[in-house]
Amino acid sequence: KPVKKDVLKGKEVVVNKEDKRINELDKGNADALKESLPPTAKLKLQGVPTNSTVVRNTGVHKVLALDMTQAPRDANAIGQFGQAAMVPSDKEQEVRNRWNEGHFNVYLSDQIPVDRAIPDTRPHTCSESVVHDYLPTTSVIFCFVDEVWSTLLRSVHSVLNRSPLHLLKEIILVDDFSTKEYLKDHLDVYMSQYPKVRIVRLKERQGLIRARLAGAAIAKGDVLTFLDSHIECNVGWLEPLLERVYMDRRKVACPVIEVISDKDMSYVLVDNFQRGVFKWPLVFGWSTLSEDTIKKNHMKDSDPIRCPVMAGGLFSIDKKYFYELGSYDPGLDVWGGENMEISFKIWMCGGEIEIIPCSRVGHIFRGENPYNFPKDRQKTVERNLARVAEVWLDEYKDLFYGHGYLHLLDRSFIDIGNLTDQIELRKKLECKSFKWYLDNVYPDMVAPLVKAEGLVFNRGVRKCLALQKGSLAFEKCNLSKLSQHFNYTWMRHVRQNDVCVTAQGKGTSLALQPCDNTKPQLRWLHKASNSALVEHLIAEHTPRRMCLEAGALDDSIQLKECEPTSPYQKWQFTHYHTV
Ligand code: LR7
Ligand code: MN
C-alpha cells in the first residue's frame, strides 16, 4: 500500500485504497497512471464519510457527518470537531483583555488544536460529484497583517492537511509589514518544517490588494487560490474548485464561506443556495436563490451557483487568466472594493464567478478590522469604491454616488488617483458595458438611471413646470409635451436634457445652467412624491434652507423660506423609482 507522511506528526499513514489521489511520494506511480488514463478520465470525489461518531442535526441539511478522514490527534481537546469551546469563568477577563489582538476570541483560539477536525458540511449529493484526475496545481496565497498566531497556523494546517499534495504546489504567506514579533523569526522557524510553505515579507504596508499581487507575482502553480489568514478549509475543499477552473479557465471558483464563531470558535454551517450580490452603493451581501429559480433550473444543492459578485477573500483563478484580466487595480489601497473590481472585470470581460457548494471553508467574521489603516478607514474604502465606479459602472456610477457618496464628486475633497491604465485595460480587453452586466448577470438588480421622471406637478397652482425659450414657467399639464418632461436624477438635479435648474446666485430667482455633477449648487433635495424641492448646498457650512415655490397669483417660480405646510412648495413627479 502506498504511504504518505502525516504532515503534522511526521508519522507515516496508509493512504486509503479507494483514494486514488496521488501524492509526491509515489510520483513514479502517478506518472504511470497518467499515461494509462485518457485526459478526461474522471475519478469519484471523496465521499461523505459514514463512520462518523458525532452528528449534527441542523434541520435543513439532514444529518451531517464529521470529517473523520484523519483521526484527530486529541479527540478530547477543546473546540475539537468544530464544537463550541467554553471559557472557564476565571478566564473571562483574559478573553476580554486579548479580544482586540484579533477582534475575536483569541484566548480560545490559542486553546484549540491547530489541526482540529471540523464537521464535513458538504451536501450529500457531493458524494456523487466527480472531478478530473490531474487537475492543475495551485499556489495558495495568504496575505496577512498582524494575524493571531494560532489562527494563522490553523489556516495553514487546514490547507496542508486537507489538500491533495500533488495539487498543492505551495503555500505563499505574504506578510504585509506586520509589527508583531512572533510573526517574524518565529514564523520562519515554524514553517521551515513544511517545505511547501514560502514566506514573503513586504518592506512597507501595502494593503491586502497589493500584498496579494506580491504573492501572485512569485506563484509557481497553474492556479492562484487566495484565502484570508483566519480560515479553516474543510475536507475536500480544493478539488471542486480546481475542477471548475480546469473545465474552463475563465471560471473563477469560490468555496461556500462558512462561519467560525468569533465568540466560541465553533464551526457553523450556512444555508445552501446563497449567492454574492451587491446593493447600492456597492455594498456586498448574500442573497438566497428563490424557490422558483431552484425549481426552474432543477438545481441540486451541490450545483455551482453563479454569483454577480464574490465576497472577495476566498477564490481560485487560473493564473494566466488573472494576469490577462490585468489582475487587480494596483491603485486600490489597504482594504475594500477590490472584490467589486475583480467581479465586474471578470463578468464584463468574458469570465464567470461561481460558488461551488462541494467546497467549504470556514472564516472568522470579525466585527472590526484588528489592524490600523495608514489613512482614514472610511476615506480609504470610499476612494477604492470611487475608482471602481469610475472605471466599470458607466452611466450607472450616478447610482453609486447618489447613494451617499456625492461628496466624492468634489475631487478637492478626495483624490482618487490616476485611472488611465484601468480605462485603457477595459478598452483593450473589449469588455462589455455595465448595462450588459446588469441585464445578463444580475437581472434582478434594480438600477433605474434616475430617481423620478415625467411631469413636475405643483400642488398649489395645480400646473406643471415647463421649459419655455430658455426659462422656466408653469403650464397646464400635458404629458405629450416634451418641454414639460424633467428628470430628478441621482445627482439630485432637476434636469431636462443637459440643462439643470438652479438658484440665481444667492438670490431668490431661478436660473438654468448646463448640468455638472461636481457643482453642489445644482442639487435639490426631494425626498418623496408630493414634497418639497429644497435647495441643497452641501458645500456650505450653514446651508440656507430654501425651497422651490410656485407663485400663488402670478405662476412665477421662486426660492422661499421652507414652509412644510404650503401646497405651493409641494412637488410631484409623474413617476418615482424605488431601489
Ligand atoms: O492591510 C491589510 N493587509 C493585509 O494583508 C489588510 C488586510 N490584510 C489581510 C488580512 O490579514 C486578512 O487575511 O487581508 C485579509 C483580509 O482582510 P480581513 O480579514 O480584515 O477582511 P474581511 O474578511 O473583513 O473582508 C472581506 O472583504 C475584504 C475587502 O477588501 C477582502 O476581500 C477580504 O478578503 C474579504 N473576506 C472574505 O471574503 C471572507 C468572507 C467575508 C464575507 C462576506
Ligand atoms: Mn477576513
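Residues numbered from 1 in each chain as written. Chains lettered and ligands numbered in written order. Predicted model: local features only at pLDDT ≥ 70, side-chain atom pairs only at ≥ 80, totals over all residues. Heavy atoms only, no water.

Caption draft 1: The arrangement of the overall build of the protein in detail. From N to C terminus, the protein includes 14 helices and 30 strands. A total of 579 residues make up the protein; the buried ones form 54% of that total. Here the contacts in the protein between residues at least 6 apart in sequence split such that 72% fall between residues at least 24 apart. Surface accessibility of the protein: about 26,400 Å² in total, with carbon and sulfur atoms responsible for 52%. (Helix = DSSP H or I, 4+ residues; strand = E, 2+ residues; numbered from the N terminus. Buried < 20%, exposed > 50% of the residue type's maximum accessible area, 1.4 Å probe, protein only. Contact = heavy atoms within 4.5 Å. Areas by Shrake-Rupley, 256 points an atom, 1.4 Å probe, with all protein chains shown as cover.)

Caption draft 2: Quick look at the side chain of Asn339. Structurally, Asn339 is set in helix H10 (residues 338-348). Note on Asn339: relative accessible area 8%, which makes it buried. A polar side-chain atom of Asn339 sits 3.4 Å from the main-chain carbonyl oxygen of Met310. Excluding anything up to four places from it in sequence, Asn339 contacts Phe284, Met310, Ala311 and Gly312. (Polar contact = N/O pair within 3.5 Å; in protein donor to acceptor, adjacent residues only side chain to side chain.)

Caption draft 3: Expanded view of the coordination of the manganese ion (ligand 2). Within the first shell, the manganese ion (ligand 2) binds the protein through Asp228 (OD), His230 (NE2) and His363 (NE2), at distances of 2.2 Å. Here the donor residues of the manganese ion (ligand 2) share one chain and are spaced in sequence as D-x1-H-x132-H. With Asp228 in the loop between strand S10 (223-227) and strand S11 (231-233) and His363 in strand S18 (residues 352-364), this residue pair connects regions lying 135 residues apart in the sequence. (Donors = N, O, S within 2.8 Å, 3.2 Å for Na, K, Ca; no water.)

Caption draft 4: Up close: the site of ligand 1. Near ligand 1, the surroundings consist of 27 residues, among which Asp176, Ser229, Gly336, Glu338 and Tyr371 are the closest. Between ligand 1 and the protein, one listed contact pairs an oxygen atom with a side-chain N or O atom of Arg212 at 2.8 Å. Side-chain polar atom of His363 to an oxygen atom of ligand 1: 3.2 Å apart, as the coordinates give it. If ligand 1 stood free it would expose 810 Å²; the protein chains cover 91% of that surface. Contributing elements (two or more residues each) for the shell around ligand 1: strand S7 (138-144), helix H6 (208-218) and strand S15 (283-288). Residues belonging to the shell around ligand 1 are distributed by class as follows: 13 nonpolar, eight polar and six charged. (Near = heavy atom within 4 Å. Nonpolar A, V, L, I, M, F, W, Y, C, P; charged D, E, K, R; others polar.)

Caption draft 5: Broad picture of the side chain of Arg426. Its location among the elements puts Arg426 in helix H13 (residues 420-428). Reaching out from Arg426, the side chain makes a polar contact with the backbone oxygen of Lys432 at a distance of 3.4 Å. Those residues in contact with Arg426 that sit more than four places away from it in its chain are Met348, Val391, Trp392, Leu393, Asp394, Cys431, Lys432, Ser433 and Phe434.

Caption draft 6: Examining the pattern of salt bridges more closely. Enumeration according to the criterion identifies 36 salt bridges in this entry. Here Asp228 makes a salt bridge to Arg212, at a shortest N to O gap of 3.8 Å. On the criterion of sequence distance, the pair formed by Asp228 in the loop between S10 and S11 and Arg212 in helix H6 is long-range, its members being 16 residues apart. Assessed through its relative accessible area of 4%, Arg212 is described here as buried. Asp262 serves as the salt-bridge partner of Lys263, at 3.3 Å between the closest nitrogen and oxygen. Residue Lys263 is classed as exposed on the basis of its relative accessible area of 54%. (Salt bridge = Lys/Arg side-chain N within 4 Å of Asp/Glu carboxyl O.)

On their own, these measurements won't tell you what the molecule is for.
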